[in-house]
Structure formats: C-alpha cells, structure tokens
Amino acid sequence: MSIFGVDIASGSPGSRRDPSYSLVILEGDATALHHMISRHRLIRMIRERQPEIVAMDNVHELAQSHRDLINLLRRLPPSTKLVQVTGGDRPESLVRLARWNGITFDRTKPLEEAEASARLAARGVGAVVSAFEDKTLIKVSRRRSLGRGGWSQNRYTRKIHGAVMAMAREVEKQLRESGLEYSLRTVEGLGGFTRAEFVVEATRDKVHINPGYSVDAQLKVQSIERPSLQYKPLLHRRGYIIVGLDPGTTTGIAALNLRGELVDLISSRAMSSSDVIEWIAARGKPLIVATDVSPTPGAVEKTKRAFNAVLFSPGADMAGEEKIALGREVGYKNDHERDALAAALSAFRKYKNKFIQVEKKAPAEVDPDEIKALVVRGYSIENAIAEFSQLPPAEGRPAAPAPPAPDPDTAGLRQHIQQLSEQVKTLRTYLDELQAQLAGKDADLQKAIERLDRLKDKTSREIKRDHEIRIRDKEIGRLRSILRSERKYTKKLKKNAVARKKAERIEEVKGLRRLKPVAAFSKEAVLAAAERYNLAEGDLVLLEDASGGGKSTAELFREKGVAAIVAEGEMAQAMQEHFLDLGLPVFTSAEIAVQRIDSLPFIRPEELEAAREKWDVQQKARQARLEAEKLESLFQDYKVERMKEEKRKKRMGQKEMVGEGYD
C-alpha cells in the first residue's frame, strides 16, 4: 500500500507566491522524501503513482477556495482517497493525535509533519474527504451550433439531432450491458434529441464510459457534486463505536463514533448473525449496542455478548415521530436504517454530556475515547482518568499513585443509578423539546394562515407585475445589446484616436512623415485600413504585403486619394505598370527606409522627396516612350493603309483594262 503524506512548506494557495510542499511516500518499510515541490508536480506524482491515500493535516492547504478543491478532487485518480488526519467537522490537533499514537515530530519541519500525517493515516486515523455522491452524470449534447438557417436548415438539424440520439442509444446499451442502474432524461428535437442526460447509480470509477465527441455530438462524464464536503472516517480504523441494531427479516445496522458522527449505515435481507458481527467488527470496537424496542431482542443480546459491549435499551418502544426527528439530520433510505440509526443516536444522546466533560478534562497525552469507554462502563470521569495515570510515566515525570480498585457490586449499583438518572434527564429533556415543538408548530400554522390570506389578495397583482417585468426585461436586454455594440465601437474609435495622436506627436517632434499601414493587397484590407486609420487625400500608405491584388484594388487606392505607396515584398510587374498608368507612385522599402516607432511606420521627408523626383523623371521618360510608340504605331498603321489603297487601285485598273478588251 502506498501512502502520500503532504504538508505545505512555503507560501499558501491564496497568496501571489505559488506554494511549495513537502512530500513523504510510505511504501511498506520504504520511505521516500521530496522537499519544496510545486503543486503541479505534486498532482502529477499523485496521478502517476496513484497512491491509496493522500494524507494531510488540512486539505485546504491544497486549494485557494472550495471550488478549487472540488476541481482538484476531480483530477485525482478514482482509487485515491484524500484524508484529513485531524478529523472532519471538528478536527483535533495533529500534535495530540501523534502523541496518542506514539509518534513524535518537530512541528517546525514540514517533512516531519508530512511523515506524521502519513503514519497516522496508515493506522486508520483521519477522515476521508468526500465531495461527490455515489452517482455519475453522463451528458450527450450537440457539438455544433444550428446556425441562422437556410435552404438546408431542417436537413442539417435532423443530422445533428440524429447523431445525438445515436450516441445516447450507444451509451444506454453500454449501461445495460454493465448492469448499472440509471435514469434517463431526454429533450427531443427535430429528427432526434437535442440532449440526453443519464444519472447512473454508481461512482465514477465503476462507470467504464469515457468522454469523447464525434463530428456532430459530444459526450461528457463526471461525478455529481455534493452540496457540501463530507468527512467519512477511514473504515479500517479500529476506534470505539456505538452500534444501533434493528434485527429481523431485513437487518438494519448503524455505526457512530464517540462524537456522534456516522461511520456507516446499512440494511440487508441476506445478513446472518455472523455477517452482522463481521460487518460491525470491520467498522470499529463496539462500546455500546443499542436497540429501539423493549424488551431487548435476542439478536441484540447476542451481538452485545459477542463484543462484551454495554447494552442500551430505551425502556419502552421509541415513537415513530422521535425516530424520524433523530434520523432526519443524518439521512436514511428505509425504515430499517431509520430504526437502527435512531437507536444509536439515542444512546449517544444519553452519554453526550459525559463525553463533552471528558473532552474538557482529559489530559493531552491520553486519548479521550479510552476515558469515554471507562465512563460508559460505570467509572466516574475522575476514576477513569486516574486509571490511565497508572500507566508507565513518560521520561522525566513521576508516576501517579494507583487508586484502589472499585468494589464490583458498588460499581454495578452506581452504573445502574447513573443510567436511571440519565434516562430521567433524557425523558424530561425530550418532553420539553416536544412541548416547544408543539408551540412552535401552532405559531407556524397561524402564520401560514395569515400568509395565505395575504397571498390570495396579491395573486392578481403579482401576475400583472410579472407580465410587466417580462416585457421590461426584454426591452432591457435589447438596449443592453445596443449598448454593448456602441461601447465596442467607441472603444475602437478611442484606440484609433490615441494612435493618431501618438503619430502626430512623433511627426511634430522628429519631423518624420507617417505611413498608414495596409496589411495586404486586397479590397478587404484597404477598407479595414480606411476605417481604422481614416485614409484621406494626400496620405502615405505602407503596403505590408504587396503580393496578389488586382486592378480594382489599385483603383481603390486612387479613389481614396492616396499620394504614394511604400510596398514591402515583391509586387507583380503588371500591377506596377497599372499604378504607373494611374499616376500613383509606388516605392519599395529598399528605396525608402521605413522606421517603426511604437509599432507605427514612419519615413524621412527628404527620402520621400528624392524618391518622388526620381519617380517623376521615370514617369516623364515613360510618357515620352509611350508617345513615341504611339506615333510609331500610327505611322505603321498609315503605311498599312497606303499599301492596301495602292493594291485596291491596282486591282481596279486591271479590271478596267479587261473590260476594254471585250469591247
């Protein structure tokens, strides 16, 4: 068996500094120490090694909040128990628990404290932290949104809902084959299910279905979270317990510890006397065996003799109302569990005040449960404490003198008198409680009648008010949507204004010319830049990617009144010629150096002017060349026309000569 003992070494989950932990691993006689490890590494080691127990003095040292602790428990392996060795709702001091179990450690050393926690857990000390019910939720739902609709919307919807239904049917088939009990709730849609939810009556480690997804549907599997954390004592701890027994065709058994906390509760039709004794022995050492009826059944007497325990009988059959009131806080599944639980709780209530006095008076080096056991068997608290004072003294402390052994007859009479006195006190207390409950119920009934009369008069007004509230809620939702859009647009405008002001300041201070960047050579990028940077007449543009584009995109620059373009990357030759035709200068980043200041591009005005003059010269030369080519083309066209005209006249002359020959 592998046990992890953990203690926080530095920091805390709620601080800015990430916490570090000390870890001690117990595996048989071997011990491994790890100091100052991170939370991430600790969780990874737990998931890889999968220990049976992770023991701490305070489990909240692992998480900043309750929600973080729940998420952590979801990540732990199903077979690993998170144990708080100091107890559950009413924790003990780790030092006291260690002293009771003969363990010494230095509180200033986290490694020794972690080892003490691990060794206490190995002895069955502590409570298991339970955050999930013994149920598992399996949810099948859509993985895609249905969208806004279209010609094929219904077919698309049927396809998705059919996929959800098919996955739900497959899950249902696997649950049936596994023999697990479950309940199913589905929401029907067009052509199948919009979602399906299975609640399986088993813990997550027993449900062998893994989460996943297909193209259209998804599957989630998770344990169902409890409303609050529960602390269950380790079952293998052999502490004193109070047993409530309800024998019969169906046997009900309840086990409480000496603090009144539920250890376990069961009801079964197939339990023999030996099975009952074995079940009880596995949960602890029975100190009291209690019944809810009088006279005591033979099965209860037999169980009491098997463990040499003290018998508790109420003297008369307990009323059903009293049983329900006692068991309501703990919870039960049937009448047999209720009767067993009521018997155990009634026995605990009898000794509760004595147990509280023992907690206050018990020495720090003595386990209070041992003193409680002697008190239940008839000792006074002082004599019970004196019994433990006779034990061998610790080093450096003299032994206390042993008190004289009590006379058995006297002790029996004292026990009987004490039991009768406690029974009278219990009955009087119960009578006072019943009278107080009856008065409270009368007052509640009167209040309920008055409230009902008020509600009858207010019903119609509430209906009208709810209708008005629904109308206003819709209007508020519509206005909030408009407000979100306007705020988003305003935020965008403010961001653009800040960028423009920053660029203007840089231009004023450093004498540079700003370029307005366009991400790509496409209409969408040009329009986006025009909206963001407010492209206007005479602006300079930085084309960050000159590849691609078309004539319509180039003409869009011309429409915006762009004065010049600085292009990064290689532009197609055809597009360069088109920009020349448009008379729009395009310079490369090699011709004009681009400087970026606070992510904004700038160029020097003198470089722009020099490049512009060079471009003007090239443009004039190009225009002259084009004019010459045009004149050459016209001259060639004229020559072709002259040759055609001469050929035509020649053919006409030949026809005339042929005609005169005929004459």
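About the thresholds
Residues numbered from 1 in each chain as written. Predicted model: local features only at pLDDT ≥ 70, side-chain atom pairs only at ≥ 80, totals over all residues. Heavy atoms only, no water. Core = buried A, V, L, I, M, F, W, Y, C linked by side-chain atoms within 4.5 Å. Buried < 20%, exposed > 50% of the residue type's maximum accessible area, 1.4 Å probe, protein only. Helix = DSSP H or I, 4+ residues; strand = E, 2+ residues; numbered from the N terminus. Pairing = 2+ DSSP bridges. Right-handed = clockwise from strand over helix to strand, strands pointing away. Patch = residues over 30% accessible without salt bridge, like charges linked within 9 Å, V, L, I, M, F, W, Y side chains within 5 Å. Areas by Shrake-Rupley, 256 points an atom, 1.4 Å probe, with all protein chains shown as cover. Salt bridge = Lys/Arg side-chain N within 4 Å of Asp/Glu carboxyl O. Lys, Arg positive; Asp, Glu negative; His and termini not counted. Charge placed at Lys NZ, Arg CZ, Asp CG, Glu CD. Phe/Tyr/Trp six-rings, centres within 6.5 Å; stacked < 30°, edge-to-face > 60°. Polar contact = N/O pair within 3.5 Å; in protein donor to acceptor, adjacent residues only side chain to side chain. Contact = heavy atoms within 4.5 Å.

Caption draft 1: Layout of the nonpolar core. Of all hydrophobic cores here, the largest spans 28 residues; its most connected members are Leu23, Leu42, Leu69, Leu73 and Leu82. Of all elements in the fold, only strand S1 (2–10), strand S2 (20–27), helix H1 (39–49), strand S4 (53–56), helix H2 (66–75), strand S6 (127–142) and strand S10 (217–233) reach the threshold of two or more residues within this core.

Caption draft 2: Highlighting the sheet that holds strand S16 (residues 513–514). Strand order in the open sheet made by the three strands is S16-S22-S21, with antiparallel pairing throughout. At either margin of the open sheet sits one strand with a lone partner, and together these are S16 and strand S21 (595–597).

Caption draft 3: A look at the pairing of strand S19 (residues 564–567). Where burial is concerned, the two faces of S19 agree: the one with Ala564 and Val566 and the one with Ile565 and Ala567 are both buried. The handedness of the strand S18 (residues 540–543) to S19 crossover, carried by helix H14 (residues 551–559), is right-handed. By the bridge criterion, three bridges tie S19 to strand S20 (residues 586–588) in an arrangement that is parallel. Counterpart to Ile565 in the pairing with S20 is Val586.

Caption draft 4: View of the pairing of S1. Across the nine residues of S1, eight count as buried, placing the element largely inside the fold. For S1 and S4, the ladder comprises three bridges, and the chain directions are parallel. Pairing of Gly5 across the sheet is with Ala55, part of S4.

Caption draft 5: Main features of a positive patch on the surface. A contiguous patch of positive charge, built from Arg451, Arg454, Lys458, Arg461 and Arg465, is present on the exposed surface. The exposure class assigned to Arg454 is partly exposed, which follows from its relative accessible area of 47%.

Caption draft 6: Local environment of the packing of aromatic side chains. For the structure shown, the criterion picks out six aromatic pairs. Measuring from ring centre to ring centre gives 6.1 Å for Tyr351 and Phe355, while their planes differ by 20°; the resulting arrangement is stacked. One end of the pair is Tyr351 and the other is Phe355, both in helix H9 (residues 335–361) and four residues apart, which spans about a single turn. Judged on exposure class, the residue Tyr351 and its partner Phe355 are both buried. Put simply, the rings of Phe348, Tyr351 and Phe355 touch in pairs and so form one group of aromatic residues.

Caption draft 7: Molecular detail of the side chain of Ser130. Among the secondary structure elements, Ser130 is positioned in strand S6. Polar side-chain contacts of Ser130 include one of 3.0 Å to the side chain of Arg226. Setting aside its immediate chain neighbours within four residues, Ser130 contacts Arg226, Ser228, Leu229, Gln230 and Lys232.

Caption draft 8: Up close: the pattern of salt bridges. Taken as a whole and assessed by the stated rule, the structure comprises 32 salt bridges. Between Glu475 and Arg478 there is a salt bridge, with the nearest N and O atoms lying 2.5 Å from each other. Highlighted residues: Glu475 and Arg478, both in helix H12 (residues 408–510), separated by three residues, approximately one helical turn. The partly exposed category is assigned to Glu475, whose relative accessible area is 35%. For Arg478, a relative accessible area of 44% puts it in the partly exposed group. Residues participating in the shared-partner salt-bridge network are Asp292, Lys323, Asp335, Arg338 and Asp339.

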